[in-house]
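# Analysis of the macromolecular model
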Amino acid sequence: CRTVFLFEYLGSALILYDSAKVENGEFRFKYQKFQKGFYRIGTSFNNSADIIVGNEKFEISAKCDSFRNTIKITGSEENQANDEFNLYNNQFTQFVNRMQEDAQKVRSSLPQDDPSLKMAMAGFQAKFDSMELVKEKNYLYTKKLSLNND
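Residues numbered from 1 in each chain as written. Predicted model: local features only at pLDDT ≥ 70, side-chain atom pairs only at ≥ 80, totals over all residues. Heavy atoms only, no water.

## Focus on the overall build of the protein chain
For the protein chain, the helix and strand inventory stands at four helices and six strands. Walking the protein chain from its N terminus toward its C terminus, one meets helices and strands in the order β-β-β-β-β-α-β-α-α-α. Sequence-distant contacts, at least 24 apart, represent 38% of the contacts inside the protein chain between residues at least 6 apart. Summed over all atoms, the accessible surface of the protein chain reaches about 10,700 Å², with 52% contributed by carbon and sulfur. (Helix = DSSP H or I, 4+ residues; strand = E, 2+ residues; numbered from the N terminus. Contact = heavy atoms within 4.5 Å. Areas by Shrake-Rupley, 256 points an atom, 1.4 Å probe, with all protein chains shown as cover.)

Below is the structure:
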């Protein structure tokens, strides 16, 4: 790749903020003072990934042709927390989707007045309730970001 682009989030919109030429596998943006917040970085709009700019200095590495999927950020607790949250959120979403599919299969295979249906639904509810940890992780992640960005 020849150029890396940095996009800034302004509300839900993304605007091109800066770009840098890649020389010998390295790049440096001309603007060095960034407002704290969420940005997107990559070799194009579609081949880019979200990053958080806060008080930390960090390094980014990625393969040009698959920037979005290979990005690695070192030296940033904020970006690490964001990555962990996104991974956990994706896992939780997959878990919920599987449970909904399984519950629908059970509902469609048993009559409404069948006692086994009520027991099966109680089992699904117990499984879902065991995932309360998600709220705690989400809260801690949000709290950490707000403390780091003050």
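## Re the environment of Arg 68
Structurally, the position occupied by Arg 68 is in helix H1 (residues 67–70). Residues Arg 68 and Gly 42, 26 residues apart in the sequence, show an inter-C-alpha distance of 6.9 Å. When near neighbours in sequence (up to four residues on either side) are disregarded, Arg 68 contacts Arg 40, Asn 46, Asn 47, Ser 48 and Ala 49. From its side chain, Arg 68 meets the backbone oxygen of Asn 46 in a polar contact 3.3 Å long. (Polar contact = N/O pair within 3.5 Å; in protein donor to acceptor, adjacent residues only side chain to side chain.)

## Brief notes about the layout of surface pockets
Of the volumes computed, that of the largest pocket is approximately 890 Å³. Taken together, 28 residues line the largest pocket, and the ones lying closest to its centre are Phe 27, Arg 28, Phe 29, Phe 58 and Glu 59. Among the elements that line the lining of the largest pocket, the one with the most residues is strand S5 (residues 59–61), at three residues. Of the residues in the lining of the largest pocket, the class split is 16 nonpolar, six polar and six charged. (1 Å grid on protein atoms, 1.4 Å probe; cavity = no way out; pocket = protein on both sides within 12 Å on 5 of 7 lines; lining within 4 Å. Points joined across faces, edges and corners; volume = space filled by probe spheres on them. Nonpolar A, V, L, I, M, F, W, Y, C, P; charged D, E, K, R; others polar.)

## Some words on the pattern of salt bridges
For the structure shown, the criterion picks out two salt bridges. Two residues, Lys 30 and Asp 18, come together in a salt bridge whose shortest N-O distance is 4.0 Å. Here Lys 30 is found in the loop between strand S2 (13–21) and strand S3 (37–42), whereas its partner Asp 18 is found in strand S2, with 12 residues between them in sequence. The class for Lys 30 is exposed, based on a relative accessible area of 61%. When the shortest N-O distance is used, the salt bridge between Arg 40 and Asp 50 registers 2.6 Å. Here Arg 40, found in strand S3, pairs with Asp 50, found in strand S4 (residues 48–53); they are 10 residues apart in sequence, far enough to count as distant. The class for Arg 40 is buried, based on a relative accessible area of 9%. (Salt bridge = Lys/Arg side-chain N within 4 Å of Asp/Glu carboxyl O. Buried < 20%, exposed > 50% of the residue type's maximum accessible area, 1.4 Å probe, protein only.)

## A look at the state of the cysteines
Applying the stated criterion across every chain, the model contains one disulfide. Paired through a disulfide, Cys 1 and Cys 64 show a sulfur-sulfur distance of 1.9 Å. Between Cys 1 and Cys 64, the disulfide has an S-S torsion of -40 degrees and is therefore left-handed. Here Cys 1, found in the segment before strand S1 (3–10), pairs with Cys 64, found in the loop between S5 and H1; they are 63 residues apart in sequence, far enough to count as distant. Note on Cys 1: relative accessible area 43%, which makes it partly exposed. Taking the relative accessible area as the measure of exposure, Cys 64 reaches 30% and is therefore partly exposed. (Disulfide = S-S within 2.5 Å.)

## A few points about unusual backbone geometry
We note that Asn 24 has phi near 55 degrees; this positive angle belongs to a residue other than glycine. Turning to its location among the elements, Asn 24 is positioned in the loop between S2 and S3.

Everything listed is a geometric property; what it means functionally is a separate question.
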